Amino acid sequence: RVPDDKDPLSTVAPYACQRRTSITHHNAQITDALDILAKAAAFQGSEVRSLAFTRAASVLKSLPYKLQSVEEAKNLVWCGGHCQAVIQEILEDGVCHEAEALMTSEQYRCMELLTGIYGVGVRTAERWYKEGVRNLSDLENPNIKLNSDQKAGLAHYTDLNQPVTREDAERVEHMVKDTLYRFVPDLKITMTGGFLRGKQQGHDVDFLITHPDEEALSGLLKKAVDWINRQGLLLYHTMKARSHVHAYKRSTHMDGHETCYAIFALPHPDTSNSESEVPGGDLTAPAARAWRAVRVDLVVAPYNEYPFALLGWTGSKHFERELRRFSWNEKKLSLNSHGLYDMEKNCSIPATSEEEIFSLLGLQYVPPPYRNA
Ligand code: CTP
Ligand code: MN
Ligand code: MN
Ligand code: MN
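Calculation notes
- Residues numbered from 1 in each chain as written.
- Chains lettered and ligands numbered in written order.
- Predicted model: local features only at pLDDT ≥ 70, side-chain atom pairs only at ≥ 80, totals over all residues.
- Heavy atoms only, no water.
- Donors = N, O, S within 2.8 Å, 3.2 Å for Na, K, Ca; no water.
- Buried < 20%, exposed > 50% of the residue type's maximum accessible area, 1.4 Å probe, protein only.
- Axes fitted to C-alpha atoms, helices over the stretch in contact; angles between N-to-C directions.
- Helix = DSSP H or I, 4+ residues; strand = E, 2+ residues; numbered from the N terminus.
- Parallel < 35°, antiparallel > 145°, perpendicular 65-115°, else oblique.
- Left-handed = near helix turned anticlockwise from the far one by under 90°.
- Contact = heavy atoms within 4.5 Å.
- Nonpolar A, V, L, I, M, F, W, Y, C, P; charged D, E, K, R; others polar.
- Near = heavy atom within 4 Å.
- Polar contact = N/O pair within 3.5 Å; in protein donor to acceptor, adjacent residues only side chain to side chain.
- Areas by Shrake-Rupley, 256 points an atom, 1.4 Å probe, with all protein chains shown as cover.
- Domains from an automatic or database assignment.
- Buried area = accessible area lost by both parts, 1.4 Å probe.
- Salt bridge = Lys/Arg side-chain N within 4 Å of Asp/Glu carboxyl O.
- Pairing = 2+ DSSP bridges.
- Core = buried A, V, L, I, M, F, W, Y, C linked by side-chain atoms within 4.5 Å.

Draft legend 1. Spotlight on the coordination of the manganese ion (ligand 2). Within the protein, the manganese ion (ligand 2) binds to Asp204 (OD) and Asp206 (OD); these donor distances fall in the range 2.0 to 2.1 Å. Between the manganese ion (ligand 2) and the manganese ion (ligand 3), the interatomic distance is 5.1 Å. In this structure Asp206 comes out as buried when scored by relative accessible area, which is 8%.

Draft legend 2. The arrangement of the packing of helix H1 (residues 28–43) against helix H3 (residues 81–93) in detail. For the pair H1 and H3, interaxial distance at closest approach is 10 Å and the crossing angle is 135 degrees. Considered as vectors, H1 and H3 are oriented oblique to each other. Pair H1 / H3 crosses with right-handed handedness. Where H1 approaches H3, its residues Gln29, Ile30, Ala33, Leu34 and Leu37 are matched on the opposing element by His82, Cys83, Val86, Ile87 and Ile90. Its residues assigned to classes, the contact of H1 with H3 comprises 8 nonpolar, 2 polar and no charged.

Draft legend 3. Layout of the site of ligand 1. Around ligand 1, the structure places 15 residues, and the nearest of them are Gly194, Arg197, His203, Asp204 and Lys317. Within the side chain of Tyr261, a nitrogen or oxygen atom sits 3.3 Å from a nitrogen atom of ligand 1. One nitrogen or oxygen atom from the side chain of Lys317 is found 2.7 Å from an oxygen atom belonging to ligand 1. Relative to its unbound accessible surface of 590 Å², ligand 1 loses 78% to contact with the protein. Looking at the shell around ligand 1, the elements that each hand over two or more residues are helix H10 (193–196), helix H13 (306–314) and helix H14 (317–331). Here the residues of the shell around ligand 1 sort into 2 nonpolar, 6 polar and 7 charged.

Draft legend 4. Expanded view of the environment of His338. Examined against the element boundaries, His338 turns out to sit in the loop between strand S8 (333–335) and strand S9 (340–342). Along the chain, His338 and Pro302 lie 36 residues apart, while their C-alpha atoms are 8.8 Å from each other.

Draft legend 5. Region of the structure containing the side chain of Asn27. Position of Asn27 relative to the elements: it lies in the segment before H1. A distance of 2.8 Å separates a polar side-chain atom of Asn27 from the backbone nitrogen of Leu67. Ignoring anything within four residues of it in the chain, the contact list for Asn27 reads Leu60, Leu63, Tyr65, Lys66 and Leu67.

Draft legend 6. How the structure looks around the domain arrangement of the protein. Split by domain assignment, the protein resolves into domain 1 (8–102), domain 2 (107–155) and domain 3 (158–373). Centre-to-centre separation of domain 1 and domain 2, based on C-alpha positions: 30 Å. The interface is formed by 7 residues belonging to domain 1 together with 7 residues belonging to domain 2. Interface of domain 1 and domain 2: buried area, both sides summed, is about 650 Å²; carbon and sulfur atoms make up 60% of it. Summed over the shared surface of domain 1 and domain 2, the result is 1 salt bridge. A salt bridge links Glu112 to Lys39; its shortest N-O distance comes to 2.7 Å.

Draft legend 7. Representation of the sheet that holds strand S6 (residues 258–267) in the model. Taken together, 5 strands build an open sheet; the order of strands is S2-S4-S7-S6-S5 and the sheet is mixed. Because the sheet does not close on itself, it has two edges, and the strands there are strand S2 (188–191) and strand S5 (234–240). For this sheet the average axis-to-axis angle between neighbouring strands, irrespective of direction, equals 20 degrees. Here 4 bridges tie S2 to strand S4 (residues 205–210), and the two strands are oriented antiparallel to one another. Opposite Thr190, over in S4, you have Leu208 as the bridge partner. Across the sheet, helix H9 (residues 166–183) lies against S2, S4, S6 and strand S7 (291–300), angled at about 120 degrees from S6, the strand it touches most. Sitting on the sheet, helix H12 (residues 220–230) is in contact with S4, S5, S6 and S7, with an inclination near 170 degrees to S5.

Draft legend 8. Inspection of the coordination of the manganese ion (ligand 4) at higher detail. Binding of the manganese ion (ligand 4) to the protein goes through Asp204 (OD), Asp206 (OD) and Asp297 (OD), at separations of 2.1 to 2.2 Å. The sequence motif formed by the donor residues of the manganese ion (ligand 4) is D-x1-D-x90-D. In this structure, the manganese ion (ligand 4) is positioned 3.6 Å from the manganese ion (ligand 2), and both are ligated by Asp204. You can see Asp204 sitting in the loop between strand S3 (201–202) and S4 and its partner Asp297 sitting in strand S7, a full 93 residues away along the chain. Summarising the burial analysis for this pair, Asp204 and Asp297 share the class buried.

Draft legend 9. A look at the nonpolar core. Judged by nonpolar contacts, the single largest core of 40 residues is most densely connected at Leu34, Leu60, Leu76, Ile87 and Trp128. Residue assignment for this core shows that the elements contributing at least two residues are H1, helix H2 (47–62), H3, helix H4 (97–104), helix H5 (106–115) and helix H6 (122–130). Looking at which domains feed residues into this core, each of domain 1 (8–102) and domain 2 (107–155) gives three or more. With near-sequence residues (within four places) excluded, Leu60 lies in contact with His25, Asn27, Ile30, Thr31, Leu34, Leu67, Leu76, Cys79 and Ile87. In terms of nonpolar packing, the next biggest core, distinct from the first, is built from 39 residues, Ala262, Ile263, Phe264 and Ala265 among them.

Listed below in structure tokens is the structure:
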């Protein structure tokens, strides 16, 4: 078919940041399968194939109707032959056999298990898999060296693979705000990440912290983390200092903000006033515990970088990737979570809000609930 303006199918914009993508949509069965194919490709080290599946899935997530036939997908951007075969199979059989086979394969199962450990990426998981690791208990082999992130990840594996609910996230928010306001009462603290996009659960809770007075931010994360530790609620953390590489020289996906990657012991709501809740006891008896481990990211941004940091930490990852790709390919501007840079004029372009950043890029503003690309 020749695309024309009246054909809604031909109007799907090529960049995810030009589209609105809600959490719930009309083609979940197909996008679930494509997401599995994308993940399996990433597990096999094929980033390009993985991205192709992610792009196709993202297009279908933005469609305002349910696909009825594979013909309807043929005009869609990024939906090539492989994607169309998946669509056809699901529309005809209700299942994608390739995705089913991948999911039940030993490699996929192990890679899913191992990358589910905090601190373990695809490369580490793949190395361990090649070395014969099949279960978490195989990591007790002294030949397998775990770094401190991975040791903490393994120690809290069950809790950290338990979805963080919105209720959990709100209690973490109280804990974080109560702590930070002790030191600076008028900080601006925003829960970012998936919860800001309206997700009902996540794998962690993300916070962005700023203040007009840069002095107020200095040493703040360390003080906050020390305080939480004194409450007995800090299970693990790594602090990443602010990196002073000139912002526009950073690779676009690198983030130089001061960050604390933490694991908190979040007291259960009904026992939060009891005295028997301090962690460090018997991890093998979760039912007896009055808390759960939860991953928390705390990011500090200078006030003038706040809109860029907010845009960068709200996600989704694919939406972010597409924003940067759009900026560079279509506007010759380099965007990261510190700023927007005109590389030809060698200057940075300031903005005071996310809305302004979209407008500087010539994009329609996309509110966070529609960034679930
Ligand atoms: N991010 C980043 N730098 C990092 C880690 C994350 O800029 N070192 C950004 C990601 O690009 C993403 C956002 O922070 O846009 C949130 O990341 P993450 O917590 O991993 O994902 P969520 O979308 O919040 O999903 P989840 O619910 O699984 O946490
Ligand atoms: Mn998150
Ligand atoms: Mn995530
Ligand atoms: Mn995070």
